[in-house]
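A closer look at the structure
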Amino acid sequence: MAKLHNLGFPRIGAQRELKFALEKYWAGSTDASTLLHCASQLRAQHWQWQAALDYVPVGDFSLYDQVLDMSFTLGHIPSRAAGDNALDSYFRVARGRAPGDDACCGVAAGEMTKWFNTNYHYIVPEFDKNTRFELNNERLLKQISEAKQQGLQPKPVIIGPITYLALGKSKDGSDPLALLPALLEAYKKLLTQFADQGIEWVQIDEPALVTDLNSAWVNAYELAYHQLKSVGIKKLLTSYFDRLGNNLQWVCELPVEGLHIDAINAASDITKLVDWLPAHTILSLGVIDGRNIWATDLQKTLDWLEPLQQKLGDRLWLAPSCSLLHVPVDTAAETTLDSEQLTWLSFARQKIEELTLLGQALNYGRDSIAASLNRNAEAVASRRQSKRIHKPAVKAAVDALTPQHSRRNSPFTQRIALQQASLKLPRFPTTTIGSFPQTPNIRKIRKDFKNGEVSESHYVKHMKAEIHACIQKQEALDIDVLVHGEAERNDMVEYFGEQLDGFLFTRFGWVQSYGSRCVKPPIIYGDISRPQAMTVKWAEYAQSLSQRPVKGMLTGPVTILNWSFVRDDQSRQTTCAQIALAIRDEVKDLERAHIRVIQIDEPAIREGLPLRQADRHRYLQWAVESFRIAASAVQDGTQIHTHMCYSDFNDIMAAIADLDADVITIETSRSDMELLQAFETFQYPNDIGPGVYDIHSPNIPTTAAMVSLLEKASRYLPAERLWVNPDCGLKTRSWDETVPALENMVAAAKQLRAMHQ
Ligand code: GLN
Ligand code: ZN
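Attention shifts here to the overall build of the protein chain. The helix and strand tally for the protein chain stands at 27 helices and 21 strands. Viewed in the frame of its principal axes, the protein chain has a C-alpha envelope of about 75 × 60 × 50 Å. For the protein chain, the proportion of its 757 residues judged to be buried stands at 59%. The long-range share in the protein chain, meaning contacts at least 24 apart out of those at least 6 apart in sequence, stands at 78%. Between the averaged position of the 80 positive side-chain charges in the protein chain and that of its 90 negative side-chain charges there is a distance of 2 Å.

Take a look at the structure:
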């Protein structure tokens with residue numbers, strides 16, 4: 001019999017109950033017991049929805065983050081967060097303070113970074129040579145007993161020791177692997193306690209197995225799992241997000257009772273695993289896509305699973321590819337989607353149902369689920385054929401792309417000369433990244449308009465007033481290249497998705513990004529086209545108010561792709577090219593409307609980077625190509641800007657240069673210009689504005705601080721190529737902060753002009 005299990009369920013709640021409970025608790029309006037009660041109710045509900053599985057995950061639930069939970073289980077928290085109350089310490093690491101703490105006395109929150117190639121952020125464990133571990137298993141033991149009380153078979157979920165070390169950061173330069181012996185002692189105790197509870201299987205997540213590992217890390221894996229072997233509990237070693245690839249052979253030899261792989265992203269591993277795994281090892285295949293929201297093609301999946309079941313018999317287990325943390329909870333809440341669209345989608349609850357159906361078909365024959373198989377086949381056929389999805393004209397336009405489409409007419413040196421002649425900008429030109437403060441008033445008008453509570457003319461009038469005020473403020477500040485301020489935009493991807501064909505939007509399709517923060521990614525379901533211009537009227541209006549150039553402001557194709565759920569029936573590259581063509585048309589329309597500077601934002605370009613080095617080149621190639629398709633239709637004299645932030649770009653500098661944007665504005669001030677190290681070895685060829693104002697902080701930078709950052713920059717980059725701008729858009733800041741900060745920024749540019757006469 002094929003056994004069914006799940007790696008993890010979204011914990012935020014179908015109605016984001018956890019988010020609201022957390023935020024009330026943090027604000028001090030509810031107490032800890034209310035929060036903990038909400039949490040245990042959510043767990044009970046989520047287990048209920050998974051009750052048909054042979055094993056339910058326990059410990060996947062988290063109040064904030066599963067890596068932080070693991071740190072607590074291991075008794076490894078930064079000493080600055082310590083205190084008598086465990087929950088307080090927990091939130092101090094998570095957010096810098098606990099509800100009762102004095103406003104003055106916060107501590108530095110733990111650093112956050114992306115969980116492998118997902119948009120989920122975890123709290124980075126902090127290591128140094130004095131790091132000690134001391135098991136504290138209360139949380140897991142409690143949850144195990146909760147699940148047992150519900151009559152379910154619990155399978156505790158923990159992060160494996162090697163991935164845990166790989167996720168952390170050494171604070172003193174010491175090698176985290178040196179901590180392994182001490183760490184393994186804690187893991188042994190942990191597993192022993194599970195065994196004492198009568199637990200049969202423990203899920204040990206080791207997603208680091210799908211990354212490039214050097215011999216020190218390979219040895220660490222071997223050492224760790226040989227040491228843990230002595231504990232009498234069955235271990236399911238879990239990998240996901242990518243293939244084991246060149247790690248596969250030695251992974252097969254690790255002494256564990258089961259291995260899980262992501263059968264969606266590591267399909268190429270399956271044949272080898274079937275041949276190489278020891279004769280008694282369980283192979284758990286993640287056959288339901290845990291990273292995307294499309295209904296599984298059940299028949300197609302059974303077609304390849306059935307022969308495997310013949311070979312593996314009881315050794316075959318089924319699960320989603322990874323934790324369902326990365327998808328929303330339930331399509332049933334999506335009352336605004338039509339019945340056809342709904343059949344295409346599958347959120348966490350639906351994925352558990354699909355898994356159950358697959359298990360039934362394998363164990364009792366396809367006939368036992370005939371009706372469900374038919375319904376599923378209809379949904380699959382509708383996605384394959386629907387005219388709402390497939391637009392021959394869009395496909396033809398992508399097929400007709402030639403290298404010409406991604407090339408500007410002339411090289412940068414020629415273009416910039418023409419641009420300088422027409423724009424007549426001073427040296428060290430000043431600009432901003434696009435958005436200006438989004439006041440409560442702006443948000444209200446936008447919301448009222450969306451809800452049909454105010455007329456379009458009322459809305460347009462108010463937006464124009466905002467644009468007008470924004471242009472006046474920038475002129476008063478003496479900024480050189482202006483922006484319209486993006487008052488009409490709620491979100492830089494949603495704004496474009498809503499105006500393009502091929503996107504759909506959910507009401508409750510929330511996915512946890514970090515802590516209580518969730519995002520609601522748009523869903524790209526069909527071929528993408530642009531029924532009409534999206535930004536031209538606002539840009540034209542803004543430009544009509546000033547003699548100075550006003551930048552047209554667009555989101556780039558790669559960012560739109562990387563921040564959406566993307567269709568799985570064609571390559572990401574093809575979908576990205578379709579978006580690029582739509583943006584290209586918008587760029588042309590802006591140029592026709594006499595907008596002389598156009599910015600195409602690509603903050604998320606690095607987020608699509610594959611985990612394996614060997615795959616990165618290909619991704620960067622088509623990502624860069626997509627940007628260039630969007631950007632290259634203009635005359636030489638039209639200046640193309642791009643903007644990047646949120647990540648460290650040092651290792652993809654060559655690809656960034658390949659974008660061939662005339663100007664890039666890029667986040668650097670937050671890291672004190674760490675980026676500039678990349679320019680010691682790499683000569684960035686075009687104009688560049690390293691951000692000098694950290695917009696994530698309420699602090700107002702002084703002129704002197706910004707001059708010094710720019711001086712630092714001019715050591716690596718020619719002064720005539722440098723722009724002066726903030727790190728990112730200003731929409732989260734207030735005008736009170738923005739005006740003085742930009743005054744100082746403009747003053748800094750003027751000082752530099754004087755110094756570099
Ligand atoms: N133009 C956008 C803004 O200013 C860019 C946002 C971003 O880079 N995340 O808000
Ligand atoms: Zn930005």
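A few words now on the nonpolar core. Of all hydrophobic cores here, the largest spans 112 residues; its most connected members are Trp-115, Ile-158, Phe-194 and Leu-285. Those residues in contact with Trp-115, other than ones at most four positions away along the chain, are Gln-66, Val-67, Tyr-120, His-121, Tyr-122, Ile-159, Leu-167, Pro-207, Tyr-240, Phe-241 and His-326.

Moving on to the environment of Leu-418. If you trace the backbone, Leu-418 turns up in helix H16 (residues 412-423). For Leu-418, a relative accessible area of 45% puts it in the partly exposed group. For Leu-418 and Gln-639, which are 221 residues apart along the polypeptide, the C-alpha to C-alpha distance reads 9.4 Å. If near-sequence neighbours (up to four positions away) are discounted, Leu-418 is found in contact with Asp-636 and Gly-637.

So, about helix H4 (residues 86-95). Where burial is concerned, most of H4 is hidden: eight out of the 10 residues are buried. Turning to H4, its buried residues are Leu-87, Asp-88, Ser-89, Tyr-90, Phe-91, Arg-92, Val-93 and Ala-94. Those residues of H4 that are buried lie in contact with helix H1 (17-26), helix H2 (32-49), helix H3 (66-73) and strand S4 (121-123). Once H4 finishes, Gly-96 follows within two positions and takes phi at roughly 90 degrees, a positive value.

Only His-643 (NE2), Cys-645 (SG) and Cys-728 (SG) from the protein coordinate the zinc ion (ligand 2), and they sit 2.0 to 2.3 Å from it. In the primary sequence, the donor residues of the zinc ion (ligand 2) line up as H-x1-C-x82-C. Classification of His-643 as buried rests on a relative accessible area of 2%.

We now examine unusual backbone geometry. Here the phi dihedral of Phe-116 falls at roughly 50 degrees; this positive angle occurs in a residue that is not glycine. Looking at the element boundaries, Phe-116 is found in the loop between strand S3 (112-114) and S4. Exposure remark for Phe-116: the relative accessible area of 17% places this residue in the buried category. Its identity is not glycine, yet Asp-478 carries a phi of approximately 70 degrees, on the positive side. By the secondary structure assignment, Asp-478 is in the loop between helix H18 (456-477) and helix H19 (494-497).

Quick look at the pairing of strand S20 (residues 663-666) now. Two faces make up the sheet, and in a regular strand the side chains alternate between them. In S20, alternate side chains face the same way, and those of Val-663 and Thr-665 on one face and Ile-664 and Ile-666 on the other are all buried. Traced from strand S19 (residues 639-644) through helix H24 (residues 653-658) to S20, the parallel crossover comes out right-handed. Here S20 runs beside strand S21 (residues 687-690); their pairing, made up of four bridges, is parallel. Along S21, the bridge assignment pairs Thr-665 with Gly-689.

Let's shift gears to the sheet that holds S19. Pairing in this open sheet of five strands is parallel, and the strands run S17-S18-S19-S20-S21 from one edge to the other. Only two strands of the sheet have a single partner each, and these edge strands are strand S17 (551-555) and S21. The average undirected angle you get between the axes of adjacent strands in this sheet is 20 degrees. In the packing of H16 onto the sheet, the strands contacted are strand S18 (597-601), S19 and S21, and the crossing angle to S19 comes to about 105 degrees.

Before going further, it helps to spend a moment on the packing of helix H26 (residues 703-716) against helix H27 (residues 735-755). Where H26 meets H27, the axes come as close as 8 Å, and the angle between the chain directions of the two elements is 50 degrees. Here H26 lies oblique to H27, going by the angle between them. The chirality of how H26 crosses H27 is right-handed. Residue-level contacts link Thr-703, Met-706, Val-707, Leu-710 and Glu-711 of H26 to Ala-741, Asn-744, Met-745, Ala-747, Ala-748, Gln-751, Leu-752 and Met-755 of H27. Its residues placed into classes, the contact of H26 with H27 shows nine nonpolar, three polar and one charged.

Surveying the vicinity of ligand 1 reveals 13 residues, the closest of which are Ser-435, Glu-486, Asp-601, His-643 and Gly-729. In the model, an oxygen atom of ligand 1 is placed 2.7 Å from a nitrogen or oxygen of the Ser-435 side chain. In the model, an oxygen atom of ligand 1 is placed 3.1 Å from a nitrogen or oxygen of the His-643 side chain. For ligand 1, whose free accessible area comes to 300 Å², the fraction covered by protein is 94%.

This next bit is on the side chain of Ser-321. Position of Ser-321 relative to the elements: it lies in the loop between strand S12 (316-320) and helix H12 (339-344). Dropping the residues within four chain positions of it, Ser-321 is found in contact with Leu-7, Ser-239, Tyr-240, His-260, Asp-262, Ile-264, Gly-286, Val-287, Ile-288, Asp-289, Gly-290 and Arg-291.

This next bit is on the environment of Val-231. Its place among the elements puts Val-231 in the loop between helix H8 (215-228) and strand S9 (234-238). Taking the C-alpha atoms as reference points, Val-231 and Ala-51, separated by 180 residues in sequence, lie 28 Å from one another. Once you skip the residues sitting within four places of it in the chain, Val-231 turns out to touch Lys-188, Leu-191 and Thr-192.

It is the contact of helix H17 (residues 440-450) with H18, at a shortest axis distance of 10 Å, that shows an interaxial angle of 160 degrees. As judged from the angle between their axes, H17 and H18 are roughly antiparallel. Handedness of the H17/H18 crossing: left-handed. The segment H17 lies against H18, with Asn-441, Ile-442, Ile-445, Arg-446 and Phe-449 engaging Glu-456, Tyr-459, His-462, Met-463 and Glu-466.

The rules we used
Residues numbered from 1 in each chain as written. Chains lettered and ligands numbered in written order. Predicted model: local features only at pLDDT ≥ 70, side-chain atom pairs only at ≥ 80, totals over all residues. Heavy atoms only, no water. Helix = DSSP H or I, 4+ residues; strand = E, 2+ residues; numbered from the N terminus. Buried < 20%, exposed > 50% of the residue type's maximum accessible area, 1.4 Å probe, protein only. Contact = heavy atoms within 4.5 Å. Lys, Arg positive; Asp, Glu negative; His and termini not counted. Charge placed at Lys NZ, Arg CZ, Asp CG, Glu CD. Core = buried A, V, L, I, M, F, W, Y, C linked by side-chain atoms within 4.5 Å. Donors = N, O, S within 2.8 Å, 3.2 Å for Na, K, Ca; no water. Right-handed = clockwise from strand over helix to strand, strands pointing away. Pairing = 2+ DSSP bridges. Axes fitted to C-alpha atoms, helices over the stretch in contact; angles between N-to-C directions. Parallel < 35°, antiparallel > 145°, perpendicular 65-115°, else oblique. Left-handed = near helix turned anticlockwise from the far one by under 90°. Nonpolar A, V, L, I, M, F, W, Y, C, P; charged D, E, K, R; others polar. Near = heavy atom within 4 Å. Polar contact = N/O pair within 3.5 Å; in protein donor to acceptor, adjacent residues only side chain to side chain. Areas by Shrake-Rupley, 256 points an atom, 1.4 Å probe, with all protein chains shown as cover.

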